[in-house]
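Below, each chain spelled out in residue letters.
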Amino acid sequence: MTARNPPTPRKPVVLMTMGTQPRNGHPYQVMTHKYILPLVEISGCVPLLVPTCCGTEDLAQYLDLANGVYLSGAGSNIDPALYGQENLTPEKQQDRDRDLFDIPLVRAALDRGLPVLGICRGMQEINVALGGDIHQQVYKEPGYDDHREDSDDPVDEQYGESHQVKLVPGSWFAALMGQPSIPVNSLHGQGIKTLAKGLEPLAHAEDGLIEALHAPTLASFLLAVQWHPEWKASENPHSIKIFEAFGEACRAHASNS
């Protein structure tokens, strides 16, 4: 009798919410390849792309399928009304459908103990969802640098190393990175102002701006960074460690489900 090979373990499923982008007079739901590929190639997870234009009626059903949540960056800003401020950048694109989906998604995912990874806008969404707020124009705040990219530069230059971030000494993130500071890119005009209750910094820019955060009181994995580790992630040892850690957390959740 021929022996059967053991079944291949099922990969963890990770929700990735899409955003609205107008094209030729039509609204599209989109997700950039650069966010998806590290989740597949490094984290070893299956992405489940979730539209945010249809409301939250099916949110619980999506979460029933998930072993993690991954909140990407985007060109849009969070509606400042959601964190109690007037809009200081009316010229910037907003995506209220994504706001109104991702904020309850963050809360529900954490309630269920799902691992969560946030990048750039995703980091800001986590902070707002849990009660924090945002500097809408970091480049106009006294003492802070201009963290924006030059949109006229080639993409490789926009995503090139911009500054160092200092990791909080003794933190698990500093141990993961294996060094006290790391170089990162910088492509954001907004940033964390007041951290939500329960969140703590993991890294700061040279000007003191919070560049990474976690929730130390939660048993589940939560990591959010202000830079873009997804850019050419397989060529960056620090990015590899971030996506590997997220993948391991998602696999742990899947094995306990």
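Residues numbered from 1 in each chain as written. Predicted model: local features only at pLDDT ≥ 70, side-chain atom pairs only at ≥ 80, totals over all residues. Heavy atoms only, no water.

Let's talk about the sheet that holds strand β9 (residues 181–184)
Under the convention used in this document: Strand pairing follows a simple DSSP-based rule, namely that at least 2 bridges must link the two strands. Secondary structure elements follow DSSP: runs of H or I no shorter than four residues count as helices, runs of E no shorter than two count as strands, and numbering proceeds from the N terminus. The axes used here are C-alpha line fits, helices contributing only the stretch in contact, and every angle between their N-to-C directions lies in the interval 0 to 180 degrees. Contacts were defined at the residue level, with two residues in contact if any of their heavy atoms lie within 4.5 Å.
Read across the sheet, 9 strands follow the order β4-β1-β5-β6-β13-β12-β11-β8-β9 without closing on themselves; strand pairing throughout is mixed. Edge positions in the sheet fall to β4 (46–50) and β9, since each has one partner strand and no second. Pairwise comparison of adjacent strand axes, ignoring direction, gives a mean angle of 20° for this sheet. As defined by bridge partners, strand β5 (residues 68–71) adjoins strand β6 (residues 116–119) across 3 bridges and the pair is classed as parallel. Directly across from leucine 71, in β6, lies its bridge partner glycine 118. In the packing of helix α3 (residues 96–111) onto the sheet, contacts are made with β1 (13–17), β4, β5, β6 and β13 (222–225), and the angle to β5 comes to roughly 145°. Helix α7 (residues 237–256) rests against β1, β5, β6, β9 and β13 of the sheet, and its axis sits at about 150° to β6.

Some points on the side chain of arginine 121
The criterion, for reference: Type-normalised accessible area, obtained with a 1.4 Å probe on protein chains alone, sets the label of each residue: buried when under 20%, exposed when over 50%, and partly exposed for intermediate values. Two N or O atoms count as a polar contact when they lie within 3.5 Å, although within protein this holds only if one can serve as hydrogen donor and the other as acceptor, and sequence-adjacent residues are included solely when both atoms are side-chain atoms.
Within the element layout of this structure, arginine 121 appears in helix α4 (residues 121–129). Note on arginine 121: relative accessible area 2%, which makes it buried. Side chain to side chain, arginine 121 and glutamate 125 meet in a polar contact 2.4 Å long. Discounting chain neighbours no more than four positions away, the residues touching arginine 121 are Ser72, Gly73, Ala74, Ser76, Asn77, Ile78, Asp95, Arg98 and Asp99.

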